[in-house]
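Listed here are the chains, written in short residue letters.
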Amino acid sequence: MSKVSNLHKESMVMLKETSRTFFIPISFLEPTLKKTVASAYLCMRAIDEIEDHPELDDKAKKTLLLTISEMLQTSFDPHEYKLLLQPYEHMLPQVSLRLYDWISLCPTEIVDKVKASTAEMAGGMAKWVEKGWNIQSREELDDYTYYVAGLVGTMLSDLWKWHDNTETDPELAIAFGRGLQAVNMLRNYDEDLERGVSFVPKDWNREDMFNYANENLAQAQLYVKSIKNKRILMFCKVPLALAHSTLKALKSGKEKMSRQEVESIVEQLKQDENISE
């Protein structure tokens, strides 16, 4: 087996370990796009794990994120990256330590876009680390969710365009990311409060966050309407359907959906779209 195909195999294993939710829809994409989306997602996940790390102090997070952002805007030297992470390699997960691998897996024609989006994400996250994630207003919530999730949406839109000229609205792509992020925030609402963290704007309550999530998911519905490629459409419809069902479960007092409920939703979508993995 070649080094590239080995790396691709490892990336799919890593994807399954880091995000089952993302792993399900990616399986519907055709091979080249599947490999590219996996590589792009893992690049962003590598950054996210640094911002979110419970044991790293804020000063280290900010330094790492800003330095990585600068490196991604140049040639990205893997040796330099290894040296940068060396003091923290016992703490950081493999997905972060192997960022260079995920970059090298990305096709050369689109890798600069992926690096630019990931660099912007790292820079934005560093800004919010410095602010202590202290979100005061709707505008600030929009800013934070743009960096941690909206950028995933715009990056995916870039990949659709590169793959087969599928055109999507970047603003709706950002809203899609924001909607999914808001659902995650609601799902972790009590857990975050217990550890003294809140991503909810000042004077907002849980109901306001539900409204924010629904408003952005309504924009996400408009986003998918423009997509003609059945496999890309299925990729987008799965997380959207799961987000709506998760909101419904949270409203009724459940913490999350069961594995069986998730499988049932995916199966129904496969039948509706007449598509197989």
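Cut-off values and rules
Residues numbered from 1 in each chain as written. Predicted model: local features only at pLDDT ≥ 70, side-chain atom pairs only at ≥ 80, totals over all residues. Heavy atoms only, no water. Helix = DSSP H or I, 4+ residues; strand = E, 2+ residues; numbered from the N terminus. Rg over C-alpha atoms; globule rule 2.2 N^0.38 Å. Contact = heavy atoms within 4.5 Å. Areas by Shrake-Rupley, 256 points an atom, 1.4 Å probe, with all protein chains shown as cover. Lys, Arg positive; Asp, Glu negative; His and termini not counted. Charge placed at Lys NZ, Arg CZ, Asp CG, Glu CD. Axes fitted to C-alpha atoms, helices over the stretch in contact; angles between N-to-C directions. Parallel < 35°, antiparallel > 145°, perpendicular 65-115°, else oblique. Left-handed = near helix turned anticlockwise from the far one by under 90°. Nonpolar A, V, L, I, M, F, W, Y, C, P; charged D, E, K, R; others polar. Patch = residues over 30% accessible without salt bridge, like charges linked within 9 Å, V, L, I, M, F, W, Y side chains within 5 Å. Salt bridge = Lys/Arg side-chain N within 4 Å of Asp/Glu carboxyl O. Buried < 20%, exposed > 50% of the residue type's maximum accessible area, 1.4 Å probe, protein only. Phe/Tyr/Trp six-rings, centres within 6.5 Å; stacked < 30°, edge-to-face > 60°.

(A) Region of interest: the overall build of the protein chain. Counting its secondary structure elements, the protein chain contains 14 helices and 0 strands. Listed by position from the N terminus, the elements making up the protein chain come as α-α-α-α-α-α-α-α-α-α-α-α-α-α. Rg of the C-alpha trace for the protein chain: 18 Å, near the compact-globule value of 19 Å for 277 residues, within the 12% margin. Oriented by its inertia axes, the alpha-carbon framework of the protein chain measures out at about 50 × 45 × 30 Å. A fraction of 72% describes how many contacts in the protein chain between residues 6 or more apart in sequence connect residues 24 or more apart. Carbon together with sulfur atoms contributes 48% to the accessible area of the protein chain, which is approximately 13600 Å² in total. Each charge class in the protein chain was averaged separately, 34 positive and 43 negative side chains, and the resulting centres sit 5 Å apart.

(B) Quick peek at the packing of helix H9 (residues 138-164) against helix H13 (residues 230-251). Where H9 contacts H13, the axes come no closer than 12 Å and their chain directions differ by 165°. Considering their axes alone, H9 and H13 lie roughly antiparallel with respect to each other. As H9 runs across H13, the sense of the crossing is right-handed. Touching Leu156, Trp160, His163 and Asp164 of H9 are Ile232, Phe235 and Cys236, all from H13. Its residues placed into classes, the contact of H9 with H13 shows 5 nonpolar, 1 polar and 1 charged.

(C) Summary view of the environment of Pro25. Its location among the elements puts Pro25 in helix H2 (residues 20-26). The spatial distance from the C-alpha of Pro25 to the C-alpha of Pro239 is 7.2 Å, given a sequence separation of 214 residues. Those residues in contact with Pro25 that lie beyond four places of it in its chain are Phe235, Val238 and Pro239.

(D) Representation of a negative patch on the surface in the model. On the surface, Asp190, Glu191, Glu194 and Glu255 cluster together into a patch of negative charge. Mapped onto the elements of the fold, Glu194 is located in helix H11 (residues 189-194). Relative accessible area serves as the criterion here: at 73%, Glu194 is assigned to the exposed category.

(E) Spotlight on the pattern of salt bridges. Per the counting criterion, the structure on display carries 12 salt bridges. Between Asp101 and Arg98 there is a salt bridge; the shortest N-O distance is 2.8 Å. It is possible to trace a salt-bridge network through shared partners that takes in Arg138, Asp142, Arg178 and Glu215.

(F) Structural view of the packing of aromatic side chains. As enumerated under the stated definition, the model contains 10 aromatic pairs in all. Ring plane angle 70° and centroid distance 5.2 Å describe the contact between Tyr146 and Tyr147, whose orientation is recorded as edge-to-face. There is no split in this pair, since Tyr146 and Tyr147 are both buried. Joined through ring pairs, the aromatic side chains of Phe22, Tyr41, Trp160 and Phe235 make up one cluster.

(G) Quick look at the packing of helix H8 (residues 111-130) against H9. Between H8 and H9, whose axes approach to 10 Å, the crossing angle comes to 170°. The pairing of H8 with H9 is recorded here as roughly antiparallel in orientation. The segment H8 lies against H9, with Lys113, Val114, Ser117, Glu120, Met121, Gly124, Met125, Lys127 and Trp128 engaging Glu140, Asp143, Tyr144, Tyr146, Tyr147, Val148, Leu151, Val152, Met155, Asp158 and Leu159. Across the contact of H8 with H9, the residue classes tally to 12 nonpolar, 2 polar and 6 charged.

What is shown is where atoms sit, not what they do.
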